[in-house]
Amino acid sequence: SLRPTAPVEQSVVDEASRVTLALELYRAANGRYPESLQVLVSERYIRKIPIDPFTKSAETWEVTMEEPDASDTSSEHPPGIIDVTSGSKAMTWRA
């Protein structure tokens, strides 16, 4: 089996880091994380959902959702995305 090259691994880290920054900027402006990556595009935090360099797809990013706050029963917003990682089985670490 082929191992990913260091430049491809760095590309994944770079793309995931850009999305993570956009997630944090969205949270700072809106007081919560977005429900989907597409929200970041529609609200112009990123131009498009990046292509995962390993899977060659923008649809394979694995998202980590925030834990619902059990003490906040008044919130009408579902949990948002707090992190992304490559959907590739070759990736076992987070950006």
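In this text the structure is predicted, and so the values were computed from the model without any measurement.

**Points about the overall build of the protein chain**
At step 1: A count of helices and strands for the protein chain gives 2 helices and 2 strands.
At step 2: The secondary structure elements of the protein chain, listed N-terminal to C-terminal, are α-α-β-β.
At step 3: The proportion of buried residues among the 95 residues of the protein chain is 33%.
At step 4: For the protein chain, the share of sequence-separated contacts (at least 6 apart) that also reach a separation of at least 24 residues comes to 51%.
At step 5: Total accessible area computed for the protein chain in this model is approximately 6400 Å², and 50% of it derives from carbon and sulfur atoms.

Conventions we followed
Residues numbered from 1 in each chain as written. Predicted model: local features only at pLDDT ≥ 70, side-chain atom pairs only at ≥ 80, totals over all residues. Heavy atoms only, no water. Helix = DSSP H or I, 4+ residues; strand = E, 2+ residues; numbered from the N terminus. Buried < 20%, exposed > 50% of the residue type's maximum accessible area, 1.4 Å probe, protein only. Contact = heavy atoms within 4.5 Å. Areas by Shrake-Rupley, 256 points an atom, 1.4 Å probe, with all protein chains shown as cover.

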